[in-house]
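Okay, here's what each chain looks like letter by letter:
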Amino acid sequence: MRRPRPLELIAAAVLLFLVLAALFPSLLAPGDPLAIHPAESFLAPSWAHPFGTDESGRGIYTRIVHGAGPSLVIGLSATAIGIGLALVLGLAAGLGPRWLDFGTTRFVEVLFAFPGLLLALLFIVIYGPGVVTSTIAVGLSTAPGYARIIRSQVLLVRRAPYLEAARVLGRGPAVRVFRTLLPNLAGSLFVLVTLGIGQSIVWASSLSYLGLGAVPPAAEWGAMLSAGRTYVASFWWMSFFPGLFIVLSAVSTTLIGRSLQNRVRSA
Amino acid sequence: MAGSIAAQPPVTTRTGGRARRWLPWLLLRTGGVLFVLWAVATITFFAIRLIPGDPAEAVLGGPGSQASEEALAQARREYGLDRPLILQYLGYLGRLLTGDLGRSYSLRAPVAEVIGENLGGTLLLALLSLAAAAVIALGLAAWSARGGKGASGVSSVLEIVGAAVPHFWLAISLILLFSTWLGWLPPVSVPGPAGLVLPVLTLAIPLAGFLGQVMRESILDAMASPFVLAARARGEGEGGVFWRHAARHAALPAIGLAGWAFGALISGAVVVESIFARPGLGRSLLAAVQLRDVPLVIGIVLVVALGYMLVTTLTDLADRLADPRLRRAGR
């Protein structure tokens with residue numbers, strides 16, 4: 001087993017901090033993220049307010065810590081939705097009869113013609129903006145990419161001797177998929193999820209920033225950025241720090257995902 | 001990759017087989033493009049029906065829009081909402097074929113006209129960003145190939161930026177650095193080249209990260225390969241070896257990213273155009289989503305899908321032109 005590199009250790013530490021913040025926000029930031037203190041508005045970063053305060057005198061640090069939960073939950077749920085849909089498509093294509101593979105593959109190709117955030121925007125215009133729709137929208141637009149990867153993984157694993165063995169032993173198709181195939185895909189799925197969370201967080205926060213996801217005054221990072229947008233030139237800390245945490249969480253999950261990928265490959 | 005090339009069966013070259021080699025490919029591709037466009041149009045048609053409530057109202061911005069009776073009647077007439085679904089669907093496809101994308105209710109103008117007015121700005125932004133990204137990526141690859149020590153550090157930073165930094169935060173950071181603190185460039189997009197620098201950089205930097213990753217790997221591969229050794233043995237200078245042999249080798253994998261890059265640029269344009277207050281397709285799309293201007297959203301989505309299909313088809317064509325193996329394999 002390779003020793004972790006310093007960068008990976010830093011990424012793991014950042015993730016640990018974010019998970020702690022998501023689970024026990026009051027431990028890291030005792031204040032109330034929504035309480036208004038008009039006298040303390042627009043304060044620059046100081047000892048009392050490490051990341052400064054916003055237009056209502058709320059501490060940016062406190063709000064970032066309390067925003068970790070919602071932001072991570074949105075990122076995780078979007079990834080779960082994307083991978084879940086992709087799993088259905090990828091398994092149907094990889095295991096089903098040829099016509100099903102053909103149909104599913106064409107369908108995924110059609111979805112690819114709504115590149116990037118387009119599918120998400122189409123979904124939002126149908127179901128209206130909001131936290132739930134934007135989370136589903138992000139999951140939906142990441143699904144085609146995952147589906148393609150999962151299909152190729154399934155095609156690789158399908159010919160494996162242990163599946164042949166399971167068939168010879170008389171296991172039914174459902175048992176083979178759930179007891180034999182999926183556990184063997186679990187490693188690469190886990191990597192896919194870790195790499196995907198970063199992208200989901202970035203996309204979901206982009207939608208909040210554009211005013212289509214979580215809305216201010218919610219302590220969600222994208223929404224905080226959206227609120228700070230008006231004051232970028234005069235009070236930079238209002239936009240800079242929430243953005244920094246989006247980047248930190250995306251970078252650290254991506255780094256951990258890549259390191260897992262290398263480990264899975266070399267194992 | 002080398003393995004798959006070696007594994008290919010030897011091919012007999014035929015003279016005069018050009019049309020025979022190109023025709024099936026052309027038919028297959030055209031059929032594929034038409035199929036995807038039809039499917040996209042069909043999905044968007046049924047997407048409108050998914051909107052909860054009265055479809056006429058939904059087309060005009062949902063129940064909150066308080067559309068007037070005349071507007072509702074006009075929407076019903078235009079979309080034929082009183083006719084059977086199959087006739088509505090055929091009418092919709094027929095109108096699309098004639099380039100009629102309906103009317104934007106928020107801008108009170110034909111969707112095709114709105115798109116025509118905004119397409120140029122976004123295309124200019126996207127092409128300049130693509131060019132800037134290619135220059136940065138090639139420069140980094142050249143630096144790496146010459147054994148530059150800092151190159152891999154800069155490249156991996158760019159790679160991470162490309163994978164994990166949202167466009168809006170990059171844009172805000174660039175504005176803070178170049179407009180607020182240094183005062184070199186305007187924070188919003190003003191007419192003229194100065195107003196384009198920050199939007200282009202915002203789109204180009206993440207793209208350069210991805211392009212650079214792919215190009216660096218294939219250039220380093222190429223620099224270690226026999227044909228480069230042969231070129232060196234013939235006495236070619238390092239510059240000639242890099243540009244004439246290695247860089248050309250790296251072009252193929254980079255071209256393969258074109259479809260993906262197109263999507264990234266369009267998504268990026270939505271954010272970048274709205275931050276820098278730059279008129280374009282992305283900003284129109286965002287405004288249309290915010291106002292729930294369904295006809296405009298669907299029109300832009302259809303045009304983007306068409307653009308995506310054009311880019312991937314051209315990519316495929318470029319691949320075949322650049323790599324004779326694909327043509328002989330009769331793919």
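Bear in mind the structure is a predicted one, so any value in this text is a computation, not a measurement.

A.B. asks: I would appreciate a short explanation of the overall build of chain B in the present structure.
C.D. replies: For chain B, the helix and strand inventory stands at 15 helices and 2 strands. Expressed as a percentage of the 331 residues in chain B, the buried residues total 37%. For chain B, the share of sequence-separated contacts (at least 6 apart) that also reach a separation of at least 24 residues comes to 69%.

A.B. asks: I would appreciate a short explanation of the overall build of chain A in the present structure.
C.D. replies: Per the secondary structure count, chain A includes 10 helices and 0 strands. The linear arrangement of helices and strands in chain A, starting from the amino end, is α-α-α-α-α-α-α-α-α-α. With the C-alpha coordinates of chain A rotated into their principal frame, the extents come out at 75 × 45 × 25 Å. Considering chain A as a whole, with its 267 residues, one finds that 48% of them fall into the buried category. Put simply, 64% of the contacts in chain A that link residues at least 6 apart link residues at least 24 apart.

A.B. asks: What should I look at first to understand the nonpolar core in this one?
C.D. replies: Soluble, globular proteins show a tendency: their nonpolar side chains are buried together. Within the largest apolar cluster, 150 residues are counted, with the highest numbers of intra-cluster contacts made by A:Leu121, A:Leu122, B:Val297, B:Ile300 and B:Val301. Sorting elements by how many residues they give to this core places helix H6 (residues 111–145) of chain B first, with 14 residues. In contact with B:Ile300, not counting residues within four places along its chain, are B:Ile115, B:Leu281, B:Ser284, B:Leu285 and B:Ala288.

A.B. asks: It is not clear to me how the packing of helix H8 (residues 167–181) of chain B against helix H9 (residues 194–223) of chain B should be interpreted in this structure. Could you clarify?
C.D. replies: Axis angle and axis distance: for two packed helices, these are the angle between their axes and the distance between the axes, and together they describe the pair. All names here are of chain B. Running from N to C, H8 and H9 point in directions that differ by 135°, and their axes come no closer than 9 Å. As the angle between them shows, H8 and H9 are arranged oblique. The handedness of the crossing between H8 and H9 is right-handed. Along its contact with H8, which presents His167, Leu170, Ala171, Leu174, Ile175 and Phe178, the element H9 presents Leu198, Leu201, Thr202 and Ile205.

A.B. asks: So what exactly am I meant to see when it comes to the interface of chain A and chain B here?
C.D. replies: Think of interface size as the accessible area that goes away when the parts come together; that is how it is often given. Across the boundary between the two partners, chain A contributes 32 residues, which contact 38 residues of chain B. Of all elements in the fold, only helix H4 (98–112), helix H5 (118–127), helix H8 (173–209) and helix H10 (237–266) of chain A reach the threshold of two or more residues within the side of chain A that touches chain B. If one sorts the elements of the side of chain A that touches chain B by residue count, H10(A) sits on top with 7 residues.

A.B. asks: For this particular structure, what's the right way to read unusual backbone geometry?
C.D. replies: If a residue is not glycine, its phi is most likely negative; likewise, a peptide bond is most likely trans. At B:Ala277, a residue that is not glycine, the phi angle is positive and equals roughly 50°. With respect to the element layout, B:Ala277 can be found in the loop between helix H12 (258–275) and helix H13 (281–290).

A.B. asks: Looking at this structure, how should I read the environment of A:Gly130?
C.D. replies: Relative to the elements of secondary structure, A:Gly130 occurs in the loop between H5 and helix H6 (131–158). For the pair A:Gly130 and A:Gly170, spaced 40 residues apart in sequence, the C-alpha separation works out to 49 Å.

A.B. asks: What is the right way to look at helix H3 (residues 60–95) of chain A in this model?
C.D. replies: Turn by turn, an α-helix covers 3.6 residues, leaving residues three or four places apart pointing in a common direction. Taking 1.5 Å of rise per residue, the 36 residues of H3(A) would be expected to cover 52 Å, and the 50 Å separating its terminal C-alpha atoms lies within 8% of that figure. Its maximal kink placed at A:Gly67, H3(A) deviates by approximately 40°, while the proline A:Pro70 follows within four residues.

A.B. asks: Can you walk me through H12(B) in this structure?
C.D. replies: Residue and element names in this part refer to chain B. The end-to-end C-alpha separation of H12 is 25 Å, in line with the 26 Å expected for 18 residues at 1.5 Å each. Along H12, the largest kink reaches about 30° and is centred on Ala269. Burial analysis of H12 places 16 of its 18 residues in the buried class, the great majority of the element. One or two positions beyond H12, positive phi appears at Ala277, with a value near 50°.

A.B. asks: Where do I start with the confidence of the model for chain B in this structure?
C.D. replies: In low-pLDDT segments, the atomic positions of the prediction should not be examined closely. Residue and element names in this part refer to chain B. In this model, chain B carries an average pLDDT of 78, and 86% of its residues clear a pLDDT of 70 or more. H13 holds the highest mean pLDDT among the elements of chain B, 87, whereas helix H1 (residues 2–7) holds the lowest, 40. The low-confidence segment residues 1–15 (pLDDT under 50) makes 4 contacts with residues lying over four places distant or belonging to another chain. Across the predicted assembly, pTM comes out at 0.82 and ipTM at 0.79.

The rules behind each value
Residues numbered from 1 in each chain as written. Chains lettered and ligands numbered in written order. Predicted model: local features only at pLDDT ≥ 70, side-chain atom pairs only at ≥ 80, totals over all residues. Helix = DSSP H or I, 4+ residues; strand = E, 2+ residues; numbered from the N terminus. Buried ≥ 20, exposed ≤ 12 C-beta atoms within 10 Å, placed from the backbone. Contact = placed C-beta atoms within 7 Å. Core = buried A, V, L, I, M, F, W, Y, C linked by C-beta atoms within 7 Å. Axes fitted to C-alpha atoms, helices over the stretch in contact; angles between N-to-C directions. Parallel < 35°, antiparallel > 145°, perpendicular 65-115°, else oblique. Left-handed = near helix turned anticlockwise from the far one by under 90°. Expected span 1.5 Å × (residues − 1). Bend = angle between axes of the 7 residues up to and from the residue. pLDDT = per-residue confidence, 0-100.

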